[in-house]
Amino acid sequence: MRVLIISDIHANLTALETVLDAAGNVDAVWCLGDVIGYGPNPNECVELLQKQPKLICLMGNHDAAAVGEMSTATFNSEARTVVEWTQGVLTKENATFLRRRPQTSELDEVTLAHGSPRQPIFEYLLDVKSAEENFEYFGNDYCFIGHSHIPLMFHQSVENNHVKFSFPQANTVVELQPRTIINPGSVGQPRDRDPRASYAVYDTEAHTWEYRRVEYEFSKTQELMRKVGLPERHISRLSGGW
């Protein structure tokens, strides 16, 4: 089965549409959370996502904040501004969909979480020490995470539990080995200095991870953000991928 792995769409409809088109035919879509937040099209992104085959969609921290499931106390002022704007435009039906999202999902070989298996909503996995600790919180072969907006991979040796950290190269296929934590990067707001939308295709039979990047018209998203008065910092970062 070919599964499209996406995360951190952040209400960027143009990026989401581009990724769905570039991915081609897939058997299922697994979204690792943060469908909304930062961007100008929360309703459209939620509704388009719901049309995808065999969808699994998790709750991210921005999703949770927008539907009142977590405090925005840890958000910076600009992020809080967007949460409040999103709350004002999100339809009741779409808010209900987001509110019902699970924090984690466990399949035969894969655990899904937005932040980490230890703290699914809000923990960032960006270093080896944190990853080492998190391997204790899932028992199957792989864990797919989002949240950091950075495509990365942690692999734990089955022989000595040593953890190695790497950045997968764009448009390459990796044969996954058991005990791997991997992040596909962000669809709607990349933060690795590459403005292209980031996603992956996972083959459940071959156990391969095809990491992909695709250019999209971020100027279109920026124009919409300015039109509704979203923070300029969030607008400008789309063109630099930071």
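Everything below is about the structure printed above this text.
Note that this is a predicted model, so its numbers are computed, not measured.

*Asks:* I tried to follow the overall build of the chain on my own but got confused; where do I start?
*Replies:* Counting its secondary structure elements, the chain contains eight helices and twelve strands. Scaling as 2.2 N^0.38, a compact globule of 242 residues should have a C-alpha radius of gyration of about 18 Å, and the chain matches this with 17 Å. By principal-axis analysis of the C-alpha atoms, the chain measures approximately 55 × 35 × 30 Å. Burial status across the chain gives 55% buried among its 242 residues. A separation of at least 24 residues holds for 71% of the contacts in the chain among residues at least 6 apart in sequence. Of the accessible surface of the chain, which amounts to about 10400 Å², a share of 45% is contributed by carbon and sulfur atoms. Between the averaged position of the 22 positive side-chain charges in the chain and that of its 32 negative side-chain charges there is a distance of 5 Å.

*Asks:* Sorry if this is basic, but what is going on with the environment of Ile5 here?
*Replies:* Among the secondary structure elements, Ile5 is positioned in strand E1 (residues 2-6). Given a relative accessible area of 0%, Ile5 falls into the buried group. Sequence separation between Ile5 and Tyr211 is 206 residues; the distance between their C-alpha atoms is 9.4 Å. With residues up to four places along the chain from it excluded, the contact list for Ile5 reads Trp30, Leu32, Phe144, Pro184, Tyr199, Ala200, Tyr202 and Trp209.

*Asks:* What is the right way to read the nonpolar core from this model?
*Replies:* Side chains of nonpolar character tend, in soluble globular proteins, to be buried together. One finds Leu4, Ile6, Ile9, Val19, Val35, Leu98 and Tyr199 to be the most contacted residues of the largest nonpolar core, which totals 36 residues. Only E1, helix H1 (13-23), strand E2 (28-31), helix H2 (42-49), helix H5 (92-99), strand E11 (197-203) and helix H8 (232-240) provide two or more residues apiece to this core. The biggest single contributor to this core is H1, with six residues. Residues within four places of Ile6 in sequence aside, it is in contact with Leu16, Val19, Val29, Trp30, Cys31, Leu32, Leu49, Val187 and Tyr199. Counting 18 residues, the second largest nonpolar core, distinct from the first, contains Val3, Leu58, Leu112 and Ile182.

*Asks:* What exactly am I supposed to notice about the packing of helix H7 (residues 218-228) against H8 here?
*Replies:* Packed helices, taken two at a time, are described by the angle between their axes plus the distance between the axes. Two numbers describe how H7 lies on H8: the axes approach to 9 Å, and their chain directions differ by 175°. Viewed along their axes, H7 and H8 adopt a mutual orientation that is roughly antiparallel. Residue-level inspection shows Phe218, Thr221, Gln222, Met225 and Arg226 of H7 in contact with H8, the latter providing Glu232, His234, Ile235, Ser236, Leu238 and Ser239. Here the contact of H7 with H8 is composed, by residue class, of four nonpolar, five polar and two charged.

*Asks:* Looking at this structure, I do not really get H8. What am I missing?
*Replies:* For an α-helix the count is 3.6 residues per turn, leaving residues at separations of three or four pointing the same way. Among all positions in H8, only His234, Ile235, Arg237 and Leu238 are buried. The arc that holds every buried residue of H8, seen down its axis, measures 165°, which confines them to one face. One or two positions beyond H8, positive phi appears at Gly241, with a value near 65°.

*Asks:* Just to check I follow, could you spell out unusual backbone geometry for this structure?
*Replies:* One non-glycine residue, Asp34, adopts positive backbone phi at about 60°. Mapped onto the elements of the fold, Asp34 is located in the loop between E2 and H2. Not every positive phi belongs to a glycine, and Asn171 is a case in point at roughly 60°.

*Asks:* I would appreciate a short explanation of the sheet that holds strand E4 (residues 104-106) in the present structure.
*Replies:* Two orientations exist for strands paired in a sheet by backbone hydrogen bonds: parallel and antiparallel. One open sheet holds the six strands; their spatial order is E4-E5-E6-E10-E7-E8, and the pairing between them is mixed. The open sheet has two free edges, formed respectively by E4 and strand E8 (163-166), since each of these has just one partner strand. Each neighbouring strand pair of the sheet contributes to a mean axis angle of 15°, computed without reference to strand direction. Examined bridge by bridge, strand E7 (residues 152-156) and E8 share four bridges and lie antiparallel to one another. When the bridges of E8 are listed, Phe154 appears paired with Phe165.

Basis of the calculations
- Think of each chain on its own: its residues are numbered from 1, step by step along the sequence as written.
- Given that the model is predicted, a residue must reach a pLDDT of at least 70 before its local features are reported, and side-chain atom pairs must reach 80 or more before they are shown or counted; all residues, however, enter totals for whole chains, interfaces and linings.
- Values reported for side chains reflect all heavy atoms of the structure, with hydrogen atoms and water molecules removed beforehand.
- Only runs of H or I of at least four residues qualify as helices and only runs of E of at least two qualify as strands under DSSP, and these elements are numbered from the N terminus.
- Radius of gyration here is computed from C-alpha atoms only, and the compact-globule reference equals 2.2 Å multiplied by the residue count raised to the power 0.38.
- The classification of residues rests on relative accessible area computed with a 1.4 Å probe and restricted to protein chains. Under 20% of the type maximum is buried, over 50% is exposed, and intermediate values are partly exposed.
- Any two residues having at least one pair of non-hydrogen atoms within 4.5 Å are treated as being in contact.
- Each accessible area is a Shrake-Rupley estimate made with a 1.4 Å probe; only the visible protein chains count as cover when residues are assessed.
- Charge assignment in this entry is limited to Lys and Arg as positive and Asp and Glu as negative, and neither His nor the chain termini are counted.
- In plain terms, the charge of a residue is placed at NZ if it is Lys, CZ if Arg, CG if Asp and CD if Glu.
- Take the buried residues of types Ala, Val, Leu, Ile, Met, Phe, Trp, Tyr and Cys, join any two whose side-chain atoms come within 4.5 Å, and each joined set is a nonpolar core.
- Only the stretch in contact is used when fitting a helix axis, every axis being a line fitted to C-alpha atoms; angles between N-to-C directions are given from 0 to 180 degrees.
- Orientation is classified from the angle alone, with under 35 degrees giving roughly parallel, over 145 giving roughly antiparallel, 65 to 115 giving roughly perpendicular, and any other angle giving oblique.
- Amino acid classes used here: Ala, Val, Leu, Ile, Met, Phe, Trp, Tyr, Cys and Pro are nonpolar; Asp, Glu, Lys and Arg are charged; the rest, including Gly, are polar.
- The arc in question is the one spanned by the directions pointing from the helix axis to the C-beta atoms.
- Strands are labelled as partners when DSSP assigns at least two bridges between them.

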